[in-house]
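Examination of the molecular architecture
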Amino acid sequence: MNDFVIADPEKCIGCRTCEVACVMAHGNQSLESLTVETFSPRLKLVKTINISMPIQCRHCEDAPCARVCTEHAIQQSGSSVQVIAGKCVGCKACLMACPYGAIDLVIKRVTDGEHSTAVDAVKCDLCQSTQGEPACIKVCPTKALYLIDGAKIAERLQNKRKRAAGSAAGMPGSL
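Rules behind the numbers
- Residue positions are given per chain, counting from 1 as you read along its sequence in written order.
- For this predicted model, a pLDDT threshold of at least 70 governs which residues receive local features, and a threshold of 80 or more governs which side-chain atom pairs are given and counted, while totals over whole chains, interfaces and linings are taken from all residues.
- In computing side-chain values, all of the structure's heavy atoms are included and hydrogens and water are not.
- Each patch is built from salt-bridge-free residues with over 30% relative accessible area, joining like charges within 9 Å and nonpolar side chains (Val, Leu, Ile, Met, Phe, Trp, Tyr) within 5 Å.
- Each accessible area value is a Shrake-Rupley result obtained with a 1.4 Å probe; residue values ignore everything except the protein chains displayed when judging cover.
- Salt bridge, as used here: a side-chain nitrogen of Lys or Arg that lies within 4 Å of a carboxyl oxygen of Asp or Glu.
- In this tally, Asp and Glu contribute negative charge and Lys and Arg positive charge; neither His nor the terminal groups of the chain are included.
- Lys charges are placed at NZ, Arg charges at CZ, Asp charges at CG and Glu charges at CD.
- By definition, any uninterrupted DSSP run of H or I lasting at least four residues is a helix, any uninterrupted run of E lasting at least two residues is a strand, and each is numbered from the N terminus.
- As defined here, a cavity is a set of points on a 1 Å grid over the protein atoms alone where a 1.4 Å probe fits but cannot get out. A pocket is an open set with protein on both sides within 12 Å along at least five of seven lines, and residues line them when an atom is within 4 Å of a point.
- Grid points are joined across faces, edges and corners, and a volume is the space filled by probe spheres set on the points.
- Polarity classes work like this: nonpolar for Ala, Val, Leu, Ile, Met, Phe, Trp, Tyr, Cys and Pro, charged for Asp, Glu, Lys and Arg, and polar for all others, with Gly in that last group.
- The cut-offs for exposure are 20% and 50% of the maximum accessible area for each residue type, with area from a 1.4 Å probe on protein chains only; residues under the lower value are buried, those over the upper are exposed, and the others partly exposed.
- Only buried residues count toward a nonpolar core, which is a set of Ala, Val, Leu, Ile, Met, Phe, Trp, Tyr and Cys residues joined through side-chain atoms within 4.5 Å.
- Throughout, a residue-residue contact means that at least one pair of heavy atoms, one from each residue, lies within 4.5 Å.
- Cysteine sulfurs are considered disulfide-paired once they come within 2.5 Å of each other.

**A closer look at a positive patch on the surface**
On the surface, a cluster of positive charge is made up of Lys-152, Arg-156, Lys-160 and Arg-163. Along the chain, the position of Arg-156 falls in helix α5 (residues 150-169).

Below you can see the structure in the form of structure tokens.
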């Protein structure tokens, strides 16, 4: 089972610190040099009158985004689903397939002589290029974000099933 980050909407105050930390973890620029065009967090804060919480990739087991990608730019990698930089052609199929709206396309300037811009699909990568837990979790002032360990979830499910089987074995009419 894959790992993913999830937010507790009861704790989230909508401060957007997670978005800034995400951009800083994935960019090569200073906070002062960020612009509207270069601010592309891999999670998006949803803020309504009643709720605020960041939405990000759940690293689905049978990831619909990976299944529809004709370029194989989105692939399973370890215990997460990752975008392979440079393979995306910007077809938007992954955006349409993602049930959480957790993928964005980012237009970036390139200087390859042939093209002036390129498009990349971006989504939460669990900060795989950095050490430790994802940047959003590190900076959240209310500790509203959690890393869910897929292996631990699988273990809990197995334990629940064993308890359920044990309970059923003690029920009248069971074997």
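From this point, things continue past the structure.
**What about the layout of surface pockets?**
Roughly 710 Å³ of internal volume is contained in the largest pocket. Looking at the largest pocket, it is lined by 25 residues, and the ones nearest its centre are Ser-40, Arg-42, Val-106, Lys-108 and Val-122. Of all the elements in the fold, those that place two or more residues in the lining of the largest pocket are α1 (17-26), β5 (80-83), β6 (104-109) and β7 (117-122). A class-by-class count of the residues in the lining of the largest pocket yields 10 nonpolar, eight polar and seven charged.

**Some remarks on unusual backbone geometry**
The backbone of Cys-127 shows a phi angle near 55 degrees, a positive value even though the residue is not glycine. With respect to the helices and strands, the residue Cys-127 is situated in the loop between β7 and α4 (135-139). By relative accessible area, which is 7% here, Cys-127 ends up buried.

**Digging into the nonpolar core**
Core analysis: the biggest nonpolar cluster contains 28 residues, and Val-5, Cys-65, Ile-74, Cys-94, Ile-103, Cys-136 and Leu-145 have the highest contact counts within it. Put simply, the parts of the chain that give this core at least two residues each are β1 (4-7), α1 and α4. Each residue touching Cys-65, except ones within four places of it in the same chain, is listed here: Ile-74, Val-81, Cys-94, Ala-97 and Ile-103.

**Some remarks on the state of the cysteines**
The full count for this structure, using the stated rule, is zero disulfides. As a non-bridged cysteine, Cys-12 has Cys-18 as the owner of its nearest cysteine sulfur, 6.3 Å distant. Cys-140 provides the cysteine sulfur closest to Cys-15, a residue in no disulfide bond, and the two sulfurs are 6.2 Å apart.

**Details of the environment of Ala-121**
Tracing the backbone shows Ala-121 in strand β7. The class for Ala-121 is buried, based on a relative accessible area of 6%. Linking Ala-121 and Ile-84, residues 37 residues apart in sequence, is a C-alpha distance of 8.9 Å.

**A word on the pattern of salt bridges**
Evaluated as defined, the whole model comprises five salt bridges. The salt bridge partner of Lys-44 is Asp-104, with a shortest N-O separation of 3.1 Å. Highlighted residues: Lys-44 in strand β2 (residues 44-47) and Asp-104 in strand β6, separated in sequence by 60 residues. Its relative accessible area of 32% is what places Lys-44 among the partly exposed residues.

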